[in-house]
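# Reading the structure
Residues per chain are reported as follows:
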Amino acid sequence: MLSKVKHIAILALVMSATAAQAATISNLTLGKYSLVSGDRDLCEDFEVIQKDITDKKVKLGAKEFFVLQDETTKEASDLDANCEFKQTSTRKDAGAETVLSRTNEELCKGKLQSKSVATATIKAKEIKIVFLDNGKPLGTCHYKSK
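Quantities reported herein were computed from a predicted structural model and do not represent experimental measurements. (Residues numbered from 1 in each chain as written. Predicted model: local features only at pLDDT ≥ 70, side-chain atom pairs only at ≥ 80, totals over all residues. Heavy atoms only, no water.)

## Re the overall build of the chain
When you go through the chain residue by residue, the secondary structure sums to one helix and ten strands. When the elements of the chain are put in sequence order from the N terminus, they spell out α-β-β-β-β-β-β-β-β-β-β. Counting only residues that meet the buried cut, the chain has 31% of its 146 residues in that class. Summarising the internal contacts of the chain: among those between residues at least 6 apart in sequence, 37% fall at separations of at least 24. (Helix = DSSP H or I, 4+ residues; strand = E, 2+ residues; numbered from the N terminus. Buried < 20%, exposed > 50% of the residue type's maximum accessible area, 1.4 Å probe, protein only. Contact = heavy atoms within 4.5 Å.)

Encoded structure:
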């Protein structure tokens, strides 16, 4: 009997922690997202499940990860000692939408060599991801959930 009570208490604790994680982006709807417009080579249908949302990041699409808070990270290049990679993540919450942005830059001797930007606009049952490569549009993926 005591082990059953412990088991139920642990389950309740895990369930409440999982529910709290979903609130990290209040307008993100869990479930399947279908492509409404965009290039099928760049955009794939996907599903957002609870484990795709952590305290630090969210997985949207087949392989797109966005950090849930403003942050900048730098990492030395393992190919060239004169280069480093810098990733800047931003988050803006405005009522019914959340905008997450990820900018990746390659800097060599302090000069910008390449820059890619991915921006996800999240609304209830809708996600739009825009990709730029060196300032030029690479594509837009517009998804809706049922």
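There is more to say, and it comes next.
## With respect to the environment of Gly110
One can find Gly110 in the loop between strand S7 (97-108) and strand S8 (111-123). C-alpha of Gly110 to C-alpha of Cys83: the two residues are 27 residues apart in sequence and 7.9 Å apart in space.

## With respect to the sheet that holds strand S6 (residues 83-94)
The strand order across the open sheet built from eight strands is S2-S1-S10-S9-S8-S7-S6-S5, with neighbouring strands paired in antiparallel fashion. In this open sheet, the two strands that pair with only one neighbour each are strand S2 (46-48) and strand S5 (71-76). Ignoring strand direction, the axes of neighbouring strands in this sheet form an average angle of 20 degrees. (Pairing = 2+ DSSP bridges. Axes fitted to C-alpha atoms, helices over the stretch in contact; angles between N-to-C directions.)

## What about the side chain of Ser145?
For Ser145, the location among the structural elements is in strand S10 (residues 136-145). Classification of Ser145 as buried rests on a relative accessible area of 12%. Here Lys32 takes part through its backbone oxygen, which lies 3.2 Å from a polar atom of the side chain of Ser145. Setting aside its immediate chain neighbours within four residues, Ser145 contacts Thr29, Lys32, Tyr33 and Lys125. (Polar contact = N/O pair within 3.5 Å; in protein donor to acceptor, adjacent residues only side chain to side chain.)

## Here we look at the nonpolar core
Formed by 21 residues in total, the largest nonpolar core has its most connected members in Leu28, Val58, Leu60, Phe66, Ile127, Ile129 and Tyr143. Every residue in contact with Leu28, bar those within four places of it in the chain, is listed here: Tyr33, Val48, Ile53, Val58, Leu60, Ile122 and Ile127. (Core = buried A, V, L, I, M, F, W, Y, C linked by side-chain atoms within 4.5 Å.)

## Quick word on the state of the cysteines
Taken as a whole and judged by the stated rule, the model has two disulfides. Covalently, Cys43 is tied to Cys141 through a disulfide, its sulfur atoms 2.0 Å apart. Disulfide Cys43 to Cys141: torsion about the S-S bond roughly -80 degrees, handedness left-handed. Of this pair, Cys43 sits in the loop between strand S1 (31-37) and S2 while Cys141 sits in strand S10, and the two are 98 residues apart along the sequence. Through a disulfide, Cys83 is tied to Cys108; the S-S separation comes to 1.9 Å. Judged by the sign of its S-S torsion, about 105 degrees, the bond between Cys83 and Cys108 is right-handed. Of this pair, Cys83 sits in strand S6 while Cys108 sits in strand S7, and the two are 25 residues apart along the sequence. Comparing Cys83 with Cys108, the two get one shared label, buried. Along the chain, the cysteines that take part in disulfide bonds pair up as 1-4, 2-3, counted in sequence order. (Disulfide = S-S within 2.5 Å.)

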